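Coordinate inspection notes
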Protein chains: 2
Amino acid sequence: MNEKIARFLDERRPATPCLVLDLDIVEGNYRALAGALPDARIYYAVKANPAPEILRLLVGLGSSFDTASVNEIEMCLEAGATADRISYGNTIKKEADIARAYALGVRLYAFDSIDELEKIARSAPGSRVFCRILTSGEGAEWPLSRKFGCEPEMARALLLQAASMNVEPYGVSFHVGSQQKDVTQWDTALAQTARLFKELEAQGVNLRMVNLGGGFPTRYRTDVPDSGAYGTAIDEALRRHFGNRIPETIVEPGRGMVGNAGVIQSEVVLISRKSANDNRRWVYLDIGKFGGLAETMDEAIQYPISTERAGSAEPVILAGPTCDSADVLYEKADYRLPSDLKIGDKVTIHAAGAYTTTYASVAFNGFEPLRQYCI
Amino acid sequence: MNEKIARFLDERRPATPCLVLDLDIVEGNYRALAGALPDARIYYAVKANPAPEILRLLVGLGSSFDTASVNEIEMCLEAGATADRISYGNTIKKEADIARAYALGVRLYAFDSIDELEKIARSAPGSRVFCRILTSGEGAEWPLSRKFGCEPEMARALLLQAASMNVEPYGVSFHVGSQQKDVTQWDTALAQTARLFKELEAQGVNLRMVNLGGGFPTRYRTDVPDSGAYGTAIDEALRRHFGNRIPETIVEPGRGMVGNAGVIQSEVVLISRKSANDNRRWVYLDIGKFGGLAETMDEAIQYPISTERAGSAEPVILAGPTCDSADVLYEKADYRLPSDLKIGDKVTIHAAGAYTTTYASVAFNGFEPLRQYCI
């Protein structure tokens, strides 16, 4: 935790659990990514953390925005973004929502199926559309299912159809998997994308944009490559596959923009053992899977966790405070906490700025959603 | 869906997704369970669905309440329950919350560790306490982790200690696992409990209450035994292990009380295939894992799903509307929907009255939480 957040916690002593997010870190992340990918437009993935303070900051820095719903579009507009800086990036949209987005001025839409393309052509005529393709997602800590995207061969057919509809076939998107630590993963996807561009060009459709998606990681318990490494790898892959005809590019960082900017301050509610000779303590925190830490599902995202105690680190099982037996955070991952940890101690969950506040349940077990302070 | 709910949906045409819950079914469930277990006191597990209408109905029917937090205690009091009908059944409580519950009049508390027992003795002096023991949970569709409870040998030591503290060692609780379809599972747990009663009696501590927990199922895709079968099995097990000295008993139905009382009305947002020769359609609904269907995690709870189309049933993958790739409901479970299903069609998710509304996330991806109508 940096000094600014530490001072806030020390002076304000907010009730726990809460997320404290340092806007300066978000600004640093934006500038680092913009520096590493100078030719790409940054579309912040609003779903990662839609706090108005974050959106206003990014509007000021020149960011564009990737949105998942009309509510998110409205939040961006309220934060001062103009509609030409907003992409409606969800491939699954009600047609009424497409019409609302269009009325709000949004002209950039994702799709991955014929029916979605037809909805856009009907309800957002003249808009730019990009087709999401399926990629493997190897090397990601939060790998993607096949939920989004279609096979490149189908994408080709759809973009060809788009050319004869009342929309502009603008480009292709893919996603290499969230928390992607292998910088070469973009290369495979860009090879497929470049093939698609060439095939369509041969059929008279000139695509202009590649949406490189998100996947930029946050450092959790292990190191991740820095923005520069991603920039270099992506730049090389673009040159390798597109030669001197490099298209416009878009990136959609979410986790990579806000993940390391926030820490969750939590409290130990109970420490117990299940029998006299139980060799691992159960440590129950006042936040769990349903209070904002949904990404601990299958122990996928492993947040660094620290306390102020100095005792020797001993193995623990970490769990949340609800009466739900699935509300266990880490049982297989080898977490260790000081032997002298006490009930009431503060526990800091680091790198928790992304996918926490809005994942929190409304009131499961009567517990309130996670509060956030942007400082 | 029964006629009452069908009429409501037909006349009111609420925006989807929404949960419509028939209070008459809840009343029927209460009466059936009370009839099947005439000697047990029913403590409704508020976390399953804390709608004020449900709580008021159950107050009127004579139910008591199992609560997980001070907020839930306050909801029960507001619904008209007196504090002597409320159990603070969470074994993981902040001491400040125990003190608040005590100030509100609650005198019955769960624990499973020495530290929790000490908190209760300090902040809820004179209260009745029951110790939760670990059981196997075989046969449950939503099996429990080891998060709650301690080994019986430790429970014995703790209840013995309780006798020398400023609390009344009142009984033992266990939970055979949620959606428990094997009625004999209570037998094993009651055998352990009866041994504990005898051992403690030999040491001068006379326990009076057995909390049989929840686990009573809702019919999802396959049949479940009726309340009568549970009543008979539990009654026989009590007689077998306690002879003619049967203790007071408590049951904590949640799912079994409200599960079958509610249906979620949803809408098809998109139907797509990933390639031209893809043999399974992806059907995307306007509700998913983060909108209230969290119990589809690992495809554990399999809701019956129906539409109004008559086409032949063909295999589908069901997913939610968010940009989260983990928001897939059923991929391995063999779900089939009509071949003529269309975008915009209504889809009914049955037996969705429990663990849905409050599991919904605050605003993940900008989507609003699940609305509920109690009729």
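Residues numbered from 1 in each chain as written. Chains lettered and ligands numbered in written order. Predicted model: local features only at pLDDT ≥ 70, side-chain atom pairs only at ≥ 80, totals over all residues. Heavy atoms only, no water.

It is worth spelling out helix α4 (residues 70–78) of chain B at this point. Residue and element names in this part refer to chain B. Taken together, the buried positions of α4 are occupied by V70, E72, I73 and C76. The buried side chains of α4 occupy one side of the element, clustering within an arc of 160° when seen end-on. Looking at the packing, one finds that the buried side of α4 touches α3 (52–61), β3 (64–67), β4 (86–88) and α5 (95–103). Once α4 ends, the next one or two residues include G80, with phi positive near 105°. (Buried < 20%, exposed > 50% of the residue type's maximum accessible area, 1.4 Å probe, protein only. Helix = DSSP H or I, 4+ residues; strand = E, 2+ residues; numbered from the N terminus. Arc of directions from axis to C-beta. Contact = heavy atoms within 4.5 Å.)

Let us now look at helix α1 (residues 3–12) of chain A. Residues and elements named next belong to chain A. Restricting attention to buried positions, one finds in α1 the residues I5, F8 and L9. The buried residues of α1 all sit within an arc of 95° when viewed along its axis, so they share a single face. Turned more than 90 degrees away from the buried face of α1, the exposed residues are E3 and E11. At its buried positions, α1 is contacted by β1 (18–21), β12 (262–272) and β19 (371–374). The backbone nitrogen of K4 lies 3.2 Å from a side-chain oxygen of the residue at the head of α1, namely N2. (Polar contact = N/O pair within 3.5 Å; in protein donor to acceptor, adjacent residues only side chain to side chain.)

Note: interface size is frequently given as the accessible area lost on complex formation between the parts. Residue and element names in this part refer to chain A. We note that the domain assignment places domain 1 (23–258) and domain 2 (260–374) within chain A. The centre of domain 1, based on its C-alpha atoms, is set 33 Å off from the matching centre of domain 2. Listed per partner, the contact involves 20 residues of domain 1 and 23 residues of domain 2. Each partner contributes to the roughly 1,900 Å² buried at the junction of domain 1 and domain 2, and carbon and sulfur atoms together form 55% of this total. Ionic pairing is found between E295 and R255, a salt bridge with its closest N-O pair at 2.7 Å. One can count nine residue pairs in polar contact (both at pLDDT 80 or more) joining domain 1 with domain 2. For the side of domain 1 that touches domain 2, the secondary-structure elements that each account for two or more residues are α2 (23–36), α3 (52–61), β7 (140–142) and α10 (255–258). Grouping the constituent residues of the side of domain 1 that touches domain 2 by class yields 10 nonpolar, four polar and six charged. (Domains from an automatic or database assignment. Buried area = accessible area lost by both parts, 1.4 Å probe. Salt bridge = Lys/Arg side-chain N within 4 Å of Asp/Glu carboxyl O. Nonpolar A, V, L, I, M, F, W, Y, C, P; charged D, E, K, R; others polar.)

Tallying each qualifying case throughout the model produces zero disulfides over all chains. Left without a disulfide partner, A:C323 is nearest to the cysteine sulfur of B:C76, which lies 13 Å away. Left unpaired, A:C374 is separated from the closest cysteine sulfur, that of A:C18, by 11 Å. Overall, A:C374 belongs to the buried group, its relative accessible area being 18%. (Disulfide = S-S within 2.5 Å.)

Right, let's talk about the packing of aromatic side chains for a bit. Per the stated rule, a full pass over the model turns up 26 aromatic pairs over all chains. Their ring planes at 85° and their centres at 5.2 Å tell us that A:F197 and A:F242 sit as a pair that is edge-to-face. One end of the pair, A:F197, is in helix α8 (residues 185–202); the other, A:F242, is in helix α9 (residues 227–242), and 45 residues separate them in sequence. A:F242 matches A:F197 in its accessibility class, with the two residues each being buried. A centroid spacing of 5.9 Å and a plane angle of 20° characterise the contact between B:W282 and B:Y284, whose relative ring orientation is stacked. (Phe/Tyr/Trp six-rings, centres within 6.5 Å; stacked < 30°, edge-to-face > 60°.)

Let's shift gears to the environment of B:P304. Residue and element names in this part refer to chain B. The topology assignment puts P304 in the loop between β13 (281–285) and β14 (305–307). Residue class for P304 comes out buried when judged on its relative accessible area of 19%. Here the alpha-carbon distance between P304 and Y220, two residues 84 residues apart in the chain, equals 5.7 Å.

Here the focus is the interface of chain B and chain A. Contacts between the two partners involve 67 residues from chain B, matched on the other side by 67 residues from chain A. Summing both sides of the interface, chain B and chain A together bury roughly 5,300 Å²; the carbon and sulfur share of this comes to 61%. For the interface between chain B and chain A, the tally reads six salt bridges. For A:D327, the salt bridge goes to B:K147, with nearest N and O atoms at 3.6 Å. Elements supplying a minimum of two residues to the side of chain B that touches chain A: α4, α6 (114–123), β12 (262–272) and β13 of chain B. With five residues, β12(B) is the single largest residue contributor to the side of chain B that touches chain A. Per-class residue counts for the side of chain B that touches chain A are 30 nonpolar, 18 polar and 19 charged.

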